[in-house]
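Structure at a glance
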Amino acid sequence: MSPAIVEVRNVSRRFAPTPSIGERIAGLFGAYVENRTVHAVDRVSLDIASGEVLGLVGESGCGKSTLGRVIAGIHPPSDGEAFIHGEPVMGGQRRRVKTTTRVQMIFQDPFGSLDPRFRIGATIAEGPIAHGLIRRAEARAEVARWLSAVGLPADAADRFPHQFSGGQRQRIAIARALAMQPDILVCDEPVASLDVSIQAQIINLFLKLRRELNLTMLFISHDLGVIRHICDRVAIMYLGRIVELGRTEDIYTRPAHHYTRALLDSVPKLVTTGDDLVSFRPISGELPSPLAPPPGCHFHLRCPAADARCRSEAPDLRDLADGRRAACHHPLIDDRT
Amino acid sequence: MSGPLLVVDGLTTEFPTRAGIVRAVREVSFHVEAGEILGLVGESGSGKSVTGFSILGLIDPPGRITGGSVRLAGRELVGLPARDLRAMRGREIAMVFQDPAATLNPVLRIGDQMALAIHAHETVGAAAARARVAEVLTLVGIPDAARRLDAYPHQFSGGMRQRVAIATALLNRPKLIICDEPTTALDVSVQAQILTEMRALARDTGTALIWISHDLATVSSLASRIIVMYAGRVIEEGPIRQVLSAPRHPYTRGLLDSLPAKAVAGKDLMQIPGAPPSMLALPPGCAFAPRCLRADAACDAEPTPTVAGDRRWRCHHPHAEPTS
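Notes on the structure follow. (Residues numbered from 1 in each chain as written. Chains lettered and ligands numbered in written order. Predicted model: local features only at pLDDT ≥ 70, side-chain atom pairs only at ≥ 80, totals over all residues. Heavy atoms only, no water.)

Some details on the overall build of chain B
- Within chain B, the regular secondary structure consists of 11 helices and 12 strands.
- Taking the principal axes of its C-alpha atoms as reference, chain B extends roughly 65 × 50 × 45 Å.
- Counting only residues that meet the buried cut, chain B has 52% of its 324 residues in that class.
- The long-range share in chain B, meaning contacts at least 24 apart out of those at least 6 apart in sequence, stands at 64%.
- Total accessible area computed for chain B in this model is approximately 13,800 Å², and 55% of it derives from carbon and sulfur atoms. (Helix = DSSP H or I, 4+ residues; strand = E, 2+ residues; numbered from the N terminus. Buried < 20%, exposed > 50% of the residue type's maximum accessible area, 1.4 Å probe, protein only. Contact = heavy atoms within 4.5 Å. Areas by Shrake-Rupley, 256 points an atom, 1.4 Å probe, with all protein chains shown as cover.)

Re the layout of surface pockets
All names here are of chain B.
- One number sums up the size of the second largest pocket: a volume of about 620 Å³.
- Of all the secondary structure elements, the ones that give two or more residues to the lining of the second largest pocket are strand 6 (93–96), helix 4 (110–119) and helix 7 (158–170).
- Of the residues assigned to the lining of the second largest pocket, the class counts are 16 nonpolar, seven polar and two charged. (1 Å grid on protein atoms, 1.4 Å probe; cavity = no way out; pocket = protein on both sides within 12 Å on 5 of 7 lines; lining within 4 Å. Points joined across faces, edges and corners; volume = space filled by probe spheres on them. Nonpolar A, V, L, I, M, F, W, Y, C, P; charged D, E, K, R; others polar.)

Focus: the pattern of salt bridges
- By the definition in use, this model includes 39 salt bridges over all chains.
- Here Glu138(A) and Arg135(A) are joined by a salt bridge, their closest N and O atoms 3.1 Å apart.
- You can call Glu138(A) partly exposed: its relative accessible area is 31%.
- A salt bridge links Arg253(B) to Asp257(B); its shortest N-O distance comes to 3.5 Å. Of this pair, Arg253(B) and Asp257(B) both sit in helix 11 (residues 250–257), four residues apart, which is roughly one turn of that helix.
- Given the relative accessible area of 33%, Arg253(B) is considered partly exposed.
- One network of salt bridges, with partners in common, ties together Glu14(B), Arg23(B), Glu27(B), Arg233(B) and Glu302(B). (Salt bridge = Lys/Arg side-chain N within 4 Å of Asp/Glu carboxyl O.)

Quick word on helix 6 (residues 196–213) of chain A
Residue and element names in this part refer to chain A.
- The end-to-end C-alpha distance of helix 6, which contains 18 residues, comes to 26 Å, matching closely the 26 Å that a straight helix rising 1.5 Å per residue would cover.
- For helix 6, the tally of buried residues reaches 13 of 18 residues, placing the bulk of the element in the interior.
- Residue Asn 214 follows helix 6 closely and has a positive phi angle near 50°. (Expected span 1.5 Å × (residues − 1).)

Structural notes on the interface of chain A and chain B
- Taken together, the contact between chain A and chain B spans 37 residues of the former and 46 residues of the latter.
- Between Asp268(B) and Arg211(A) there is a salt bridge whose closest N-O contact spans 3.6 Å.
- There are 15 residue pairs in polar contact (both at pLDDT 80 or more) connecting chain A and chain B.
- No other element matches helix 6 of chain A, which puts nine residues into the side of chain A that touches chain B.
- Looking at the side of chain A that touches chain B residue by residue, the classes come out as 16 nonpolar, 13 polar and eight charged. (Polar contact = N/O pair within 3.5 Å; in protein donor to acceptor, adjacent residues only side chain to side chain.)

Quick word on the packing of helix 5 (residues 126–139) of chain B against helix 7 of chain B
All names here are of chain B.
- One can describe the packing of helix 5 onto helix 7 by two numbers: an axis separation of 9 Å at closest approach and a directional angle of 125°. Classified by the interaxial angle, the pair formed by helix 5 and helix 7 is oblique. Crossing angle aside, the handedness with which helix 5 passes helix 7 is right-handed. Touching Val 136, Leu 137 and Leu 139 of helix 5 are Val 164, Ala 167 and Leu 170, all from helix 7.
- Each residue belonging to the contact of helix 5 with helix 7 can be placed in one class, and the counts come to six nonpolar, no polar and no charged. (Axes fitted to C-alpha atoms, helices over the stretch in contact; angles between N-to-C directions. Parallel < 35°, antiparallel > 145°, perpendicular 65-115°, else oblique. Left-handed = near helix turned anticlockwise from the far one by under 90°.)

What to know about the environment of Asp84(B)
Residues and elements named next belong to chain B.
- Tracing the backbone through its elements, the reader meets Asp 84 in helix 2 (residues 82–88).
- Assessed through its relative accessible area of 30%, Asp 84 is described here as partly exposed.
- Along the primary structure Asp 84 and Asp 150 are separated by 66 residues, whereas in three dimensions their C-alpha atoms are 32 Å apart.

Comments concerning the packing of helix 5 (residues 166–179) of chain A against helix 6 of chain A
Residues and elements named next belong to chain A.
- Remark: helix 5 packs on helix 6, axes separated minimally by 10 Å, with the N-to-C direction vectors making an angle of 20°. The angle between helix 5 and helix 6 falls in the class roughly parallel. Crossing handedness for the pair helix 5 and helix 6: right-handed. Between helix 5, through Gly 167, Gln 170, Arg 171, Ile 174 and Leu 178, and helix 6, the contact on the second element is made entirely by Ile 198, Gln 201, Ile 202, Leu 205, Phe 206, Leu 209 and Leu 213.
- Along the lines of polarity and charge, the residues of the contact of helix 5 with helix 6 split into eight nonpolar, three polar and one charged.

Quick look at the pairing of strand 11 (residues 233–238) of chain A
All names here are of chain A.
- Among the six residues that make up strand 11, six are buried, leaving the element largely enclosed by the rest of the structure.
- The alternating pattern of strand 11 places Arg 233, Ala 235 and Met 237 on one face and Val 234, Ile 236 and Tyr 238 on the opposite face, and all of these are buried.
- Taken together, the four bridges between strand 3 (residues 53–57) and strand 11 define a ladder with parallel strand orientation. Residue pairing for strand 11: Val 57 is matched across the bridge by Ile 236. (Pairing = 2+ DSSP bridges.)

Shown next, in the form of structure tokens:
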């Protein structure tokens with residue numbers, strides 16, 4: 001395997017609201033103050049190899065976007081560190097700031113992620129000029145190059161975001177990220193807000209760019225079909241923790257974690273023949289609140305295989321057969337032999 | 001009574017805008033049988049939601065229904081006075097919207113706001129209304145419903161709120177519920193639970209459903225018939241298995257082929273070129289022609305619907321019938 005470009009080591013990210021003045025006074029007098037800290041990401045470690053596309057899957061609130069933002073240098077981690085080429089993504093001592101341009105991000109909403117008052121050319125050229133990657137005189141040619149890479153005409157540079165459709169705007173957002181010549185692209189639900197026919201076009205664009213530029217990507221999505229199509233490896237998250245990690249085909253055909261299997265089973269499949277309508281099987285129960293995750297394995301309340309150990313002891317992510325890793329006391333595939 | 005429950009015939013809905021008149025729904029015709037689940041599929045802007053709103057008379061001025069008719073059990077709904085429409089909504093046809101957070105009133109307790117839906121249509125005592133509310137909440141899978149009547153919407157999760165919205169739609173035992181993307185905002189695990197419950201509900205209560213969605217897979221595991229809309233028109237209709245296994249319209253075929261599930265992982269997906277047309281500048285003739293690989297000069301003229309058995313499509317160059 002190629003060397004890892006991205007190394008995430010034991011990263012946690014907590015969000016705590018600032019206590020109100022009343023709560024602070026009550027706390028001084030020893031009154032009970034409710035703990036409202038959300039453990040969005042809880043001690044996560046993973047590597048992304050050069051040229052690899054790693055999928056990050058989970059339901060809303062599982063911490064997948066937060067992890068993506070830690071890797072992209074938007075949120076500093078509360079504990080642990082994310083590295084790109086061995087260098088921390090975030091530098092600075094008291095106030096932590098992103099110190100690398102080697103990672104860029106593409107967001108879900110192509111309407112919110114482009115400045116409506118900037119012409120497309122200015123949007124794409126702003127970053128590379130500010131960071132000294134290109135000179136102002138080269139900007140026009142550079143912008144045209146990246147616009148053509150994402151399948152837009154060069155004259156798009158003189159127009160404003162409102163003159164483009166959702167799919168075209170997502171192409172612009174991709175061009176903007178690529179113009180920084182990143183080593184890794186963090187894509188947070190880049191096709192979720194697009195219509196089916198446009199979704200296929202953008203997925204094909206990612207596949208093409210990957211072939212041509214040997215892109216390394218972290219691809220965050222809740223759509224298991226999209227993930228299966230473009231990712232080499234997949235990490236499944238549940239309530240802040242990675243519960244399973246492995247090669248895409250292995251995970252889809254032989255999931256090791258009970259949550260992975262339940263998630264795969266709950267997706268409706270396209271049924272084109274037969275009278276039997278049942279193409280999916282729901283998971284019982286609800287996602288617990290990330291404010292108060294259950295003790296032990298976070299999934300034990302909804303897991304068919306849970307026993308006393310699962311209720312008290314949180315399983316570590318450990319190696320199973322075929323290079324698979326899962327955090328489960330009772331995995332569905334064999335332990336490493 | 002015989003005949004279909006709902007007959008929509010030539011329905012046209014227009015919205016005047018500064019840039020011109022948008023005909024969001026163009027001569028749409030279909031029917032719904034009692035107890036049937038009908039899937040209504042299309043991309044954003046195809047007119048699927050406006051069709052749902054038009055049936056209920058929920059088109060806000062300056063938008064209006066400019067043609068066609070909607071008959072529920074033989075009774076014409078287009079042109080009914082607002083009073084009569086209000087009496088009909090919720091009682092005979094109910095609607096479930098995409099965003100449960102926006103459907104529920106945040107400052108009213110769940111039990112109280114659901115009871116309002118009962119009191120709007122009949123005179124019942126508070127205790128009786130409360131009992132009926134608890135009963136329907138149990139029906140949609142809310143555990144310990146009687147105790148949760150005094151909770152506020154913010155104390156419920158997204159999936160639970162959507163269950164409350166569905167329960168509210170069921171309160172007056174309507175003959176038809178129009179569901180507008182009711183699971184789109186939910187996680188897959190919650191979506192699976194709600195789909196399972198809706199299917200059982202439709203079967204047990206005999207309520208017909210119009211299930212509006214952009215997701216073919218979801219519709220395929222729920223509906224018995226499907227309608228595909230594009231640029232305001234119904235372009236294909238038929239029994240769901242037949243349409244999905246052998247689509248006649250190139251757009252339906254294109255949608256199916258562009259799903260990742262249909263492709264080999266890592267290989268390019270089949271894609272429909274281009275983007276849906278602006279509803280302000282529709283191409284003459286077939287609206288799909290500019291994106292269609294089968295289009296030729298004939299497509300400059302609007303295709304008329306072709307009917308074959310219980311299937312219907314609107315195309316000059318449909319895909320061939322499968323040889324069996």
